[in-house]
Amino acid sequence: MEEITNVMEYEEIARQKLPKMVYDYYASGAEDQWTLKENRNAFSRILFRPRILVDVSNIDMTTTVLGFNISMPIMIAPTAMQKMAHPDGENATARAASAADTIMTLSSWATSSVEEVASTGPGIRFFQLYVYKDRNVVAQLVRRAERAGFKAIALTVDTPRLGRREADIKNRFALPPNLTLKNFEGLDLGKMTVDKTSDSGLASYVAGQVDQTLSWKDVKWLQTITSLPILVKGVLTAEDAKLAVQNGAAGIIVSNHGARQLDYVPATITALEEVVKAAQGRVPVFLDGGVRRGTDVFKALALGASGVFIGRPVLFSLAADGEAGVRKVLQMLRDELELTMALSGCTSLKEITRSHIATDWDPPRSLPSSKL
């Protein structure tokens, strides 16, 4: 493999290596895929206002998330069924995150269980959760995550129904027969009766069991069954940011589900600032969606994010080169963020401010009037 110089290059390698059905499942967005493109394009409409003649010989990228110390504000988002990308799947991703001293979020639709991921060694891990019609199933998943040492719940709230991903319809997407949703094995599925003859039957059935009645009262209920902090993932408006804070969320993830749910919602980087303002510093706000460069991370931090989560770059690098690929993606983003900070005149994350960027939605800057 020739020298990989940026995160985007892994996507083409993954496209060549993976079966079309799997690549399309990872890569595609909802309907017209306008938001999928916009998640990337919106970053290009934010420009830097670098400060010069600052001593940048020492740069500190460390931060804390929910009280946990990590090496950089770049974490791993939950993405489903990683063993479709590589036989080591989520276990490889967990090891890469741990080696980079950052946080991995495990999808509840993972092809490795919380116990398997925990057995890969030490690391700070969050568990992504959907709420199912059978709340007993939810309680069992949460208890297993707690026992396996997971440190927070990322509650996905933008999926009362699955978005319409036309590539998956065309490809008749199904989980390959050799794989299964490991977190549902050994659960008492109670009312969730399912044809056990096919694991892909389980996958489609589980997706169909997501509860469409999910509301803020369920966020409150979740706090009664776990002491883990709850991140509300899928917030795009100031109104919902305020409700998240009022309902006891420990943090907010500005996310449009990788543009896989409702098309024509804004890019997450565009929605970020109004959510940050509404949160008023009471809880940390994070961002996922479209992050492919260290410059993107800096822009998110300048707009008030406490950190970012990356999804597809993990899947594509995992497909291309397993654990080594994921490690390389995290290292490249880290190096690019450090360089961006140096060239912008910032030596720590707290020095990155709104004044370091200009957006196309900013009011024009008034120039100081010259003294006549």
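Our structure's up above, just so we're on the same page.
These remarks concern the structure in this document. Note on numbering: residues in each chain are counted from 1, in written sequence order. Local features in this predicted model are restricted to residues whose pLDDT is 70 or higher, and side-chain atom pairs enter the listing and the counts only when it is 80 or higher, whereas totals over whole chains, interfaces and linings include all residues. With hydrogens and water set aside, each side-chain value is computed from the structure's full complement of heavy atoms.

**Some points on the overall build of the protein chain**
1) Next: Numbering of helices and strands runs from the N terminus, with a helix taken as a DSSP run of H or I at least four residues long and a strand as a DSSP run of E at least two residues long. Helices and strands together make up the secondary structure of the protein chain, namely 13 helices and 12 strands.
2) Next: The globule rule puts the C-alpha radius of gyration for 372 residues at 21 Å, and the 20 Å found for the protein chain is close to it.
3) Next: Its C-alpha atoms put the protein chain at 85 × 50 × 40 Å along the principal axes.
4) Next: Buried means the residue's accessible area, taken with a 1.4 Å probe over protein chains only, is under 20% of the maximum for its type, while exposed means over 50%, and partly exposed covers the values in between. The buried share of the protein chain, taken over its 372 residues, is 56%.
5) Next: Here, two residues are considered to be in contact whenever any of their heavy atoms come within 4.5 Å of each other. A sequence separation of at least 24 residues applies to 73% of the contacts in the protein chain between residues at least 6 apart.
6) Next: Taken as a whole, the protein chain presents about 16200 Å² of accessible surface, with 52% of it coming from carbon and sulfur. For the radius of gyration, the atoms used are the C-alpha atoms, and the globule rule reads 2.2 Å times the number of residues raised to 0.38. Each accessible area value is a Shrake-Rupley result obtained with a 1.4 Å probe; residue values ignore everything except the protein chains displayed when judging cover.

**Side note on the side chain of D168**
1) Next: Within the fold, D168 resides in helix α7 (residues 166-171).
2) Next: When charges are counted, Lys and Arg are positive and Asp and Glu negative, with His and the chain ends excluded. Salt bridges are defined as contacts in which a side-chain nitrogen from Lys or Arg sits within 4 Å of a carboxyl oxygen from Asp or Glu. Although D168 lies buried, it forms no salt bridge, and the closest oppositely charged side chain, R260, sits 4.5 Å away as judged by the N-O distance.

**Side note on helix α9 (residues 216-225)**
1) Next: Burial in α9 covers these residues: D218, V219 and L222. The arc that holds the buried residues of α9, viewed along the axis, is 105°, so those residues lie on one side. In α9, those exposed residues whose orientation departs by more than 90 degrees from the buried face are K217 and T224.
2) Next: Buried residues along α9 sit against β6 (125-129), α6 (135-147), β7 (152-156) and β8 (230-235). Relevant arc is that of directions from the helix axis to the C-beta atoms, nothing else.

**A few points about the packing of α6 against α9**
1) Next: Following both chains from N to C, one finds α6 and α9 inclined at 50°, their axes separated by 11 Å at the closest point. With respect to each other, α6 and α9 are oriented oblique. The interaxial crossing formed by α6 with α9 has right-handed handedness. On the side of α6, the interface is formed by R135, V138, A139, V142 and E146, while α9 contributes D218, W221, L222 and I225. Axis definition: a line fitted to C-alpha atoms, limited for helices to the stretch in contact. Angles are taken between N-to-C directions and run from 0 to 180 degrees. An angle counts as roughly parallel when it lies under 35 degrees, as roughly antiparallel when it exceeds 145, as roughly perpendicular when it falls between 65 and 115, and as oblique in every other case. With the far helix as reference, a near helix turned anticlockwise by less than a right angle produces a left-handed crossing, and one turned clockwise produces a right-handed crossing.

**Some words on the packing of aromatic side chains**
1) Next: What counts as a ring pair is set by centres within 6.5 Å for rings of Phe, Tyr and Trp (its six-membered ring), and what kind of pair is set by the plane angle: stacked under 30 degrees, edge-to-face over 60, tilted for all other angles. The tally for this structure, following the rule as stated, stands at nine aromatic pairs.
2) Next: With a centroid separation of 4.2 Å and 10° between ring planes, the pair formed by Y25 and F173 is classed as stacked. You can see Y25 sitting in helix α2 (residues 20-27) and its partner F173 sitting in the loop between α7 and α8 (199-208), a full 148 residues away along the chain. Per residue, the accessibility class of Y25 equals that of F173, and both read buried.
3) Next: One aromatic cluster is present, formed by Y25, Y26 and F173 through successive ring pairs.
4) Next: Across the ring face of W221, the terminal group of R135 is positioned such that the distance to the ring centre comes to 5.8 Å.
5) Next: Criterion for a charge above a ring: Lys NZ or Arg CZ within 6 Å of the ring centre, and within 35 degrees of the ring normal. Stacked on the ring of F48, the Lys or Arg K299 has its end atom at 5.3 Å from the ring centre.

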